[in-house]
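Topology and contacts: notes
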Amino acid sequence: QVQLVESGGGSVQAGGSLRLSCAASGYGYSRYYMAWFRGGGVREGVAAMDADGRTSYADSVKGRFTVSQDNADNILYLQMNSLKPEDTGMYYCAAARWAPWNALAPAGYNYWGQGTQVTVSS
């Protein structure tokens, strides 16, 4: 059973930084496709990393957010800098065993964490 647990959310002022973590367990982590999403009913893809370490980002976060992973500890990170109020939301970690058609679309992911809240005040 794949389990994903996010942490690192919080409240910051605009221009600040946060680093989110996603602890993964239950599978051979390094060969999965991983991503960060945010939002509620319709989740917006923020950043993704494929099984070979290639990354992709939503236009709204390019140059500000960086996704990385620690294969030894099975942790996916999202470093968020220059945060804006519009970055506010629940952030979710997701995993897929097979390559999603669109790395930033939620439909391609099988496993989800419970989310961590990020609040950015102006």
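Higher on the page you've got the structure.
So, how was this worked out
- Residues numbered from 1 in each chain as written.
- Predicted model: local features only at pLDDT ≥ 70, side-chain atom pairs only at ≥ 80, totals over all residues.
- Heavy atoms only, no water.
- Pairing = 2+ DSSP bridges.
- Helix = DSSP H or I, 4+ residues; strand = E, 2+ residues; numbered from the N terminus.
- Axes fitted to C-alpha atoms, helices over the stretch in contact; angles between N-to-C directions.
- Core = buried A, V, L, I, M, F, W, Y, C linked by side-chain atoms within 4.5 Å.
- Buried < 20%, exposed > 50% of the residue type's maximum accessible area, 1.4 Å probe, protein only.
- Contact = heavy atoms within 4.5 Å.
- Salt bridge = Lys/Arg side-chain N within 4 Å of Asp/Glu carboxyl O.

**Some points on the sheet that holds strand β3 (residues 18-25)**
The strand order across the open sheet formed by four strands is β1-β3-β8-β7, and the pairing between neighbours is antiparallel. The two strands at the open ends of the sheet, each matched to only one other strand, are β1 (3-7) and β7 (65-70). Taken over all neighbouring pairs, the strand axes of this sheet differ in orientation by 15° on average, direction set aside. Sheet analysis places β3 next to strand β8 (residues 75-80), joined by six bridges and oriented antiparallel. Note that in β8 the partner of C22 across the bridge is L76.

**Things to note about the nonpolar core**
Grouped together as the largest cluster of nonpolar side chains are 28 residues, with contacts concentrated most on L4, M34, W36, L78 and M80. Contributing elements (two or more residues each) for this core: β3, β4 (33-38), β5 (44-49), β7, β8, β9 (89-96) and β11 (116-121). When neighbours within four sequence positions are excluded, L78 is seen to be in contact with L18, R19, L20, W36, V46, A47, F65, T66, V67 and Y91. Among the nonpolar cores identified, the runner-up in size contains six residues, and A35, A48, A96 and Y109 belong to it.

**A word on the pattern of salt bridges**
Here the structure, examined in full by the defined rule, presents six salt bridges. Salt-bridge contacts for R38 lead to E44; the nearest nitrogen and oxygen are separated by 2.9 Å. When the shortest N-O distance is used, the salt bridge between R54 and D52 registers 3.4 Å. Of the residues examined, R54 reaches a relative accessible area of 54% and is grouped as exposed. For D52, a relative accessible area of 51% corresponds to the exposed category. Overlapping salt bridges, with partners in common, bring together R38, E44, R64 and D87 in one network.

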